[in-house]
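# Geometric and topological summary
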Amino acid sequence: MPDQEVLEVQRGIWIDERRIRDAGLGTHLQVVVRPGEIRILPGPTEAERQESPKGWEVFRSLGRDAQPGQLSNAAVEHDRYLYGKGQ
C-alpha cells in the first residue's frame, strides 16, 4: 500500500529524502505542474544532461544558414530593434 499523508501547506511542502528514494526517483527530479496536480518524476540521467557536440553543431548551423538582414548594427542596437527602446 502506498505511503500516504495529508499535509497542510504553510510555506511549502517538504518531501523527505526517504520518500523520494522509496519511490525510486533518483537524485535529479522533474516537477510537472498542471491544473489540479503537481507530478514529480525522475529527472534526466547524467548522460542526458551532458552537452552534445551534435547539439552544438545544430545550434551553430542556425547562424551559418541565416539569411542576411537589412540592419547594419543589429547586435549593437538589439533592444532598439526588438523592443523599440530608446526611440
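Residues numbered from 1 in each chain as written. Predicted model: local features only at pLDDT ≥ 70, side-chain atom pairs only at ≥ 80, totals over all residues. Heavy atoms only, no water.

## Brief notes about the overall build of the protein chain
What counts here: Helical segments are the DSSP runs of H or I of at least four residues, strand segments are the runs of E of at least two, and each set is numbered from the N terminus. Partly exposed residues are those whose accessible area sits between 20% and 50% of the maximum for their type, while under 20% is buried and over 50% is exposed, using a 1.4 Å probe and protein chains only. Only heavy atoms matter for contacts: two residues are in contact if any of them lie within 4.5 Å across the pair.
Scanning the protein chain from terminus to terminus reveals four helices and two strands. Mapped in sequence order, the helices and strands of the protein chain form the string α-β-β-α-α-α. A total of 87 residues make up the protein chain; the buried ones form 5% of that total. The contacts of the protein chain with a sequence gap of at least 6 include a subset with a gap of at least 24, amounting to 3%.

## Some thoughts on the pairing of strand β1 (residues 29-34)
Put simply, side chains in a regular strand alternate between the two faces of the sheet. This is how the line gets drawn: In short, DSSP must find at least two bridges between two strands for them to pair.
By the bridge criterion, six bridges tie β1 to strand β2 (residues 37-42) in an arrangement that is antiparallel. Of the residues in β2, the one forming a bridge with Val-32 is Arg-39. Counting the residues in the hairpin turn of β1 and β2 gives two residues, including Gly-36, whose phi is positive at 85 degrees.

## A few points about a nonpolar patch on the surface
Quick reminder of the rule: For patches, a residue must show more than 30% relative accessible area and have no salt bridge; joins then use 9 Å for like charges and 5 Å for nonpolar side chains, namely Val, Leu, Ile, Met, Phe, Trp and Tyr. Accessible surface area values rest on a Shrake-Rupley calculation with a 1.4 Å probe, where residue burial reflects the displayed protein chains alone. Definition used for salt bridges: Asp or Glu carboxyl oxygen within 4 Å of a side-chain nitrogen of Lys or Arg.
Judged by side-chain polarity, Leu-7, Val-9, Ile-13, Ile-15, Leu-29, Val-31, Val-33, Ile-38 and Ile-40 come together as a nonpolar surface patch covering roughly 810 Å² of accessible area. Elements that contribute at least two residues to the nonpolar patch include exactly β1 and β2. At three residues, the largest contribution of residues to the nonpolar patch is made by β1. Relative to the helices and strands, Ile-38 resides in strand β2.

## With respect to helix α3 (residues 53-64)
Inclusion rule: Helix span is expected to be 1.5 Å times the residue number reduced by one.
In this model α3 runs 16 Å from its N-terminal to its C-terminal C-alpha over twelve residues, within 8% of the 16 Å that 1.5 Å per residue would give. Burial analysis of α3 places just zero of its twelve residues in the buried class, a small minority of the element.

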